[in-house]
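Take a look at the letters that make up each chain.
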Amino acid sequence: MERRRLPGQHEHLEPSGSASDTVESCPKRRAHFLHGPYPATHFGPKACILPNPTSVMHIQDPASQRLTWNKPPVNVLVIRKIRDESLVEPFKELCRFLVEEKLMMVYVERRVVDDATLSKDEAFGSIRNQLCTFREGYDDISDCIDLIICLGGDGTLLYASSLFQGSVPPVMAFHLGSLGFLTPFKFESYKTEVAKVFEGNAAITLRSRLKVKVVKDMLQREGQQPYSRETTQQHHEAGKVTLQLQVLNEVVVDRGPSSYLSNVDLYLDGRLITSVQGDGVIVSTPTGSTAYAAAAGASMIHPNVPAIMVTPICPHSLSFRPIVVPAGVELMITLSPDARNTAWVSFDGRKRQEIQYGDCIKITTSCYPVPSICCHDLVYDWFESLAQCLHWNVRKRQARLADASDSSDTEN
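Residues numbered from 1 in each chain as written. Predicted model: local features only at pLDDT ≥ 70, side-chain atom pairs only at ≥ 80, totals over all residues. Heavy atoms only, no water.

The protein is annotated in an unreviewed UniProt entry as NAD(+) kinase from Sparus aurata. The protein has a UniProt comment under Sequence similarities (unreviewed entry) that states "Belongs to the NAD kinase family." (UniProt positions renumbered as here; feature names shortened; annotations may be inferred.)

A. The arrangement of the packing of aromatic side chains in detail. Scanning the entire structure with this criterion turns up 7 aromatic pairs. Their ring planes at 80° and their centres at 5.1 Å tell us that Trp382 and Phe383 sit as a pair that is edge-to-face. With relative accessibility at 10%, the residue Trp382 sits in the buried group. Among the aromatic residues, those joined into a cluster by ring pairs are Phe97, Phe174, Phe185, Phe187 and Tyr190. Here the guanidinium or amino end of Arg80 rests over the ring plane of Phe91, the centre of that ring lying 5.8 Å away. The residue whose ring lies beneath Arg135 is Tyr138, and the NZ or CZ to ring-centre distance is 4.2 Å. (Phe/Tyr/Trp six-rings, centres within 6.5 Å; stacked < 30°, edge-to-face > 60°. Buried < 20%, exposed > 50% of the residue type's maximum accessible area, 1.4 Å probe, protein only. Lys NZ or Arg CZ within 6 Å of the ring centre and 35° of its normal.)

B. Geometry of the pattern of salt bridges. A full pass over the atoms with the stated rule returns 10 salt bridges. Its salt-bridge partner being Arg80, residue Asp115 comes within 3.9 Å of it at the nearest N-O pair. Of this pair, Asp115 sits in the loop between helix 3 (110-113) and helix 4 (116-120) while Arg80 sits in strand 6 (residues 75-80), placing them 35 residues apart in sequence. Grouping residues by exposure puts Asp115 and Arg80 together as buried. If you follow the salt bridges from partner to partner, you end up with Glu89, Lys92 and Asp121 in one network. (Salt bridge = Lys/Arg side-chain N within 4 Å of Asp/Glu carboxyl O. Helix = DSSP H or I, 4+ residues; strand = E, 2+ residues; numbered from the N terminus.)

C. Spotlight on the nonpolar core. In terms of nonpolar packing, the biggest core is built from 35 residues, with Val78, Phe91, Leu98, Leu131, Ile149, Phe174 and Ile373 touching the most fellow members. Take this core: its biggest share by element is 7 residues, from helix 2 (residues 88-101). If we skip the residues at most four places from it in the chain, Val78 touches Phe91, Leu94, Leu98, Val106, Tyr107, Val108, Ile149 and Leu151. Ranked by size, the runner-up nonpolar core spans 28 residues in total, among them Leu245, Ala343, Val345 and Ile363. (Core = buried A, V, L, I, M, F, W, Y, C linked by side-chain atoms within 4.5 Å. Contact = heavy atoms within 4.5 Å.)

Below, the structure written as structure tokens:
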């Protein structure tokens, strides 16, 4: 049996005694265990789950996830929102603090350093000359960065994720953009907050990502209806993987410029689940559930819930509601054989490309999450963002009745 490990999960051998004994021995822990207790494996006096060592997992309590450093951090990547003049001064202030006071090696993108405003600032020249620069798509910095600091909005965190297609360093995001749902820190207290992170023991949220593959020419249009488990590998070998990405928010498949409905088939672990007819479909992480998926009518999921959300965009069926599937499944999207037009796909709003007959998009949960540093804790930060950024359930309070006898319930 194949083992799948989700972000925040660590395998261990089953301890002596039954699982129910383990749960009952820690009754106080259940009130704080966000993923729930380990389920009992005995059902009634005679039934139980077939013992299988490969299926035994321990899910770490998200509330106990704390950042620590094996060695003191040295290299810091600073990401700044481009084309926003209001961020120039905070950027210079942060770089000066990291270089002069914390003695850090600071990495920035070359186009940020080449900004005309920074080039003309002679006072910043000494700091500017000490910055290490890189170019996206040309220089690989994935193995040399210890910490990422983002200045801007949610897009800076998405951009940081795209730079690291494997393991991602801890990310500290300051709210200096327009929305800031994923950026919990206020820049006014940046020195104190950064110092705390360097000391370690900060709360983190492991934001799961999607591992996405685009396979070209995997099927023939008049062909075979895919995807039994026995034939999937044969089809995969026949196709060509043209793109492989780690996606933080969502994969969006839509009808593109065509006026026809999009018509794509959705498979789950090799089985055809449904055909999506409409403007498209969104496959999102819990982090992405508060982005495009929320606008399309999906529920908002806390980032520590291990799940993948599938949300139709304006479906041609009133009964097609968004669904949530386990994080360990593999989703596959192809054009339906009777589709009238091709489809288009984008990944966190980037790398948009056309999907033609025979092409396939494979999606599953990545084993490389984005460790996002919390300002307070992973529960408070999320609900604070819901209230402050999305104005979740904000309404005028209902006035209290002046006298209980005024209630319609007491008139009869």
